[in-house]
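# Survey of secondary and tertiary structure
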Amino acid sequence: MSKPALVAAVTHVFQSGWYFIGLDYPVLIKALYGVGPDTGSQQALRLADDVRVFDAGRLSLYKNPKVSLSYAEYYFQQLYLEEMTLPDGTVIPERPVALDIDEFIADMWNKGIHFGIDVAAVKAAMASTKADRITFASDLEPEPGQDATVVEVSSELHRSDAPKARPDGRIDLQSFQNRFPQIKAHMRLLKKLPPVPGLPGFDLAGRKTDPEPPKDLTLRFLSGEGTEAKLFEDGEYLVSTREGFLSVDAKSNRISITDKIISLEGVSGRTTGNLQLAGAYEEYGDVQEQRDVTGSDITVHGNVYGNIHSRGGTVVLDKNLVSGSVHNAAGNINIAGVASNSVIYAANGAITISRAENCVISGSRVKVEEASNCEIIGDEVIVEVAEGCAIAGRNVEVESAGPRRRTEMMIYVLVKDVTQFDQEIAELDMRIAAFVQANQASEEELNRISALPDVRRYLALAAKLRTQELVLTPEQGQHLRKIAGAVAEEMKAMQKLQQELQVGHTQIKLLQDRLARVIEQKIEAAGISRCGLHMVSGDTMVRTMPFAADTAALRQLQPKDIKARLRGTPTGGELLFADSLGSLDWHMNPHLRPASP
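Rules behind the numbers
- Residues numbered from 1 in each chain as written.
- Predicted model: local features only at pLDDT ≥ 70, side-chain atom pairs only at ≥ 80, totals over all residues.
- Heavy atoms only, no water.
- Helix = DSSP H or I, 4+ residues; strand = E, 2+ residues; numbered from the N terminus.
- Buried < 20%, exposed > 50% of the residue type's maximum accessible area, 1.4 Å probe, protein only.
- Areas by Shrake-Rupley, 256 points an atom, 1.4 Å probe, with all protein chains shown as cover.
- Core = buried A, V, L, I, M, F, W, Y, C linked by side-chain atoms within 4.5 Å.
- Contact = heavy atoms within 4.5 Å.
- Salt bridge = Lys/Arg side-chain N within 4 Å of Asp/Glu carboxyl O.
- Pairing = 2+ DSSP bridges.
- Axes fitted to C-alpha atoms, helices over the stretch in contact; angles between N-to-C directions.
- Patch = residues over 30% accessible without salt bridge, like charges linked within 9 Å, V, L, I, M, F, W, Y side chains within 5 Å.
- Lys, Arg positive; Asp, Glu negative; His and termini not counted.
- Charge placed at Lys NZ, Arg CZ, Asp CG, Glu CD.
- pLDDT = per-residue confidence, 0-100.
- Arc of directions from axis to C-beta.
- Polar contact = N/O pair within 3.5 Å; in protein donor to acceptor, adjacent residues only side chain to side chain.
- Phe/Tyr/Trp six-rings, centres within 6.5 Å; stacked < 30°, edge-to-face > 60°.
- Lys NZ or Arg CZ within 6 Å of the ring centre and 35° of its normal.

## Quick notes on the overall build of the protein chain
- What the protein chain contains, in helices and strands, is 11 helices and 37 strands.
- When the 597 residues of the protein chain are sorted by exposure, 39% land in the buried category.
- Taken as a whole, the protein chain presents about 33500 Å² of accessible surface, with 51% of it coming from carbon and sulfur.

## Considerations on the nonpolar core
- Membership of the largest hydrophobic core comes to 51 residues, with the highest contact counts inside it found for I344, I361, I376 and I391.
- Here this core takes 5 residues from strand 29 (residues 343-357), the largest share from any one element.
- Look past the residues within four positions of I361 in its chain and what remains in contact with it is I344, I351, I353, A356, V366, V368, E375, I376 and I377.
- Listed in part, the 38 residues of the second largest apolar core include F54, Y62, F76 and F115.

## Overview of the pattern of salt bridges
- For the coordinates displayed, the defined rule picks out 19 salt bridges.
- Put simply, R46 and D49 hold a salt bridge, and the shortest N to O gap is 1.5 Å.
- Residue classification places D49 among the exposed residues on the basis of a relative accessible area of 51%.
- Via salt bridges that share partners, E397, R530 and D585 belong to a single interconnected network.

## Some remarks on the sheet that holds strand 14 (residues 188-193)
- The 4 strands are arranged 10-14-18-17 in an open sheet whose pairing can be described as antiparallel. Of all strands in the sheet, those bounded by a partner on one side alone are strand 10 (149-152) and strand 17 (227-232). Across the sheet, the mean angle from the axis of one strand to that of its neighbour is 30 degrees, orientation sign disregarded.
- Alignment of strand 10 against strand 14, held across 4 bridges, turns out to be antiparallel. Of the residues in strand 14, the one forming a bridge with V151 is K191.

## So, the sheet that holds strand 13 (residues 182-183)
- With antiparallel pairing, the 3 strands of this open sheet are ordered in space as 13-19-20. Bordering the open sheet on either side are strand 13 and strand 20 (255-258), each of which pairs with just one other strand.
- Here 2 bridges tie strand 13 to strand 19 (residues 244-248), and the two strands are oriented antiparallel to one another. Within strand 19, the residue paired with Q182 across the bridge is F245.

## Thoughts on a negative patch on the surface
- Taken together, the side chains of E369, E370, E384 and E399 present a region of like negative charge at the surface.
- Summarising the element assignment, E399 is placed in strand 32 (residues 390-402).

## Quick word on the confidence of the model for the protein chain
- When pLDDT is averaged along the protein chain, the result is 85, and 87% of the positions lie at 70 or above.
- In the model, residues 158-166 has pLDDT below 50 throughout and makes 32 contacts with residues more than four positions away in sequence or in other chains.
- Low pLDDT, under 50, characterises residues 593-597; the predicted model gives this stretch 7 contacts beyond four residues in sequence or across chains.

## Here's the deal with helix 5 (residues 119-127)
- Among the residues of helix 5, V119, V122 and A125 are the ones counted as buried. Projection of helix 5 onto a plane perpendicular to its axis shows the buried side chains occupying an angular sector of 130 degrees, all on one side. In helix 5, those exposed residues whose orientation departs by more than 90 degrees from the buried face are A120 and A127.
- Elements that come into contact with the buried residues of helix 5 comprise helix 2 (25-33), strand 4 (71-76), helix 4 (101-110) and strand 9 (132-138).

## Side note on the side chain of T11
- Along the polypeptide, T11 turns up in helix 1 (residues 3-15).
- Looking at T11, the relative accessible area reads 14%, which means it is buried.
- At 3.1 Å, the side chain of T11 and the side chain of W109 are in polar contact.
- Those residues in contact with T11, other than ones at most four positions away along the chain, are W109 and H114.

## A short note on the pairing of strand 19
- When strand 19 meets strand 20, the two strands line up antiparallel, connected through 4 bridges. Paired with L246 across the bridge in strand 20 is I257.
- Between strand 19 and strand 20, which pair antiparallel one after the other, the connecting turn spans 6 residues, and N253 there sits at a positive phi close to 65 degrees.

## Comments concerning unusual backbone geometry
- Phi at Q290 is positive, roughly 65 degrees, even though this residue is not glycine.
- What makes Q290 exposed here is its relative accessible area of 65%.
- Notably, R405 is not glycine yet its phi reads approximately 50 degrees, a positive angle.
- By the secondary structure assignment, R405 is in the loop between strand 32 and strand 33 (409-416).

## Looking at the environment of N110
- Relative to the helices and strands, N110 is located in helix 4.
- Residue N110 is classed as partly exposed on the basis of its relative accessible area, which comes to 39%.
- Along the primary structure N110 and G17 are separated by 93 residues, whereas in three dimensions their C-alpha atoms are 9.6 Å apart.
- Beyond its immediate stretch of four places on either side in the chain, N110 contacts F14 and Q15.

## Here we look at the packing of aromatic side chains
- Per the counting criterion, the structure on display carries 14 aromatic pairs.
- A centroid spacing of 5.4 Å and a plane angle of 85 degrees characterise the contact between Y33 and F115, whose relative ring orientation is edge-to-face. Of the two residues, Y33 sits in helix 2 while F115 sits in the loop between helix 4 and helix 5, which places them 82 residues apart along the sequence.
- With relative accessibility at 4%, the residue F115 sits in the buried group.
- Between F232 and Y237 the ring centres are 5.6 Å apart and the planes differ by 75 degrees, which places this aromatic pair in the edge-to-face class.
- Looking at F232, the relative accessible area reads 28%, which means it is partly exposed.
- Chaining the aromatic ring pairs together yields one cluster made of Y19, F54, Y62, Y74, F76, F104 and F136.
- Looking at R188, its charged tip hangs above the ring of F232, at a distance of 3.9 Å from the centre.
- Here the guanidinium or amino end of R188 rests over the ring plane of Y237, the centre of that ring lying 4.4 Å away.

Set out below in structure tokens:
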């Protein structure tokens, strides 16, 4: 039987003047409204012991309750039956009478209270001799449901700040075990828990009050870059699609897996310890003293007092670098603020600094707006204002230079040592000169012989015969043969000299071609070496500094060795400028031949 049909049947019993004896009220409410104790899977439940007609004489004992919006009150007091005189004249005096809980329930039902009677409170009030107004019935408020939510399903999402264990078993108190957990690809991160409907409530009349429907959520709305929502047999999950680091957008709550770690707390012994990172890193706080950050594509928006080690990408410092260091093995370094008492090294990248003081700076290309008391080395060095610096580079451009207090201003133009080419060029020049001299001697001897009267006469006749300007008779031919016999030795000498001249010209051409190739090799090996010094304001020295290998070997020197190399007593090289005023625009000319010994 349906619950509405059961309610109608119970109402019919009560309104027909009957009531239940030994009624189990909680079971009745459970049967009618589904609220109450768990009755299990029983096919039948005991509701009451019996039904009985409601005595009309006792009906008047029950008064009307005071019904409010969500509860009902009843005034309980001791009741008495009035004095009675029986037909035989016997007088029955006034006597107390007790209320019955089963009658009370039936009477309240007929007065509209179909739900929420507190049977225990009513029984206690009936048993008490003290008059009292009690709340005997209350509405049942609907029980709210549970909104859909997500729960973490991976322990990898949680960081560990325990000290890091080294491979040799010792504990590194300067580093945390897992400050920034790395997420693997295809890892289940979050599970959606579906919404759970609430339970209905009921008012005193037994009318159902539905709860507010629980809120659902769409898991894919939480999916950012590197994650996706996927449905499995046991539910819906947010799954990583790539390997990387967890990032949660505070505004949209989107969860992403990115190559970059974003930190807001700074790097210190309290927050992170030393960091060994597999990917890019962005820090909004400060990097404290003696803290090491190792990774790639490192960006720090705060001040850096510690050490940055990057395997590649770009290192960006938005503020200042103070008494720290920045190393980048395969990328650029950009410092927007001031670098002070620090070491900046880019093995194969460019360095850009707004202002540098007391720093050692080494990179393939270095650009500094203001440099004071710094040692700077690079293939290309551009400084707008340099004071008391020692600068070395293949291509040096300084807008303004001068000393700082007692620290001198020095600029070294790095020039490649190409003396091995100069030696070969000198040898080729000597060999070419020897052939030229030999050819000149042969030409002089050839001119002397051809100027002899008989030889000159024979050569003239032979030339006219070749051009057919002259035709000889037999007698004249005999005479010509006599002349030829007379100058035969001279003609042989001339033929030999002409052969020697031809060989000499060929050798000169070959040697000149070889010389051109060696000069080209020297120019290529020497590369570009220049210095542009636009304004000098105080004693400034510029000289060349020869180097044998690649400039990378010089740039890779330890900071103390760079200082010693640039601040020590100059050895070798050529003095290009030494003055307190003026300017310099010097370009190395690799075409210059070595001086003759």
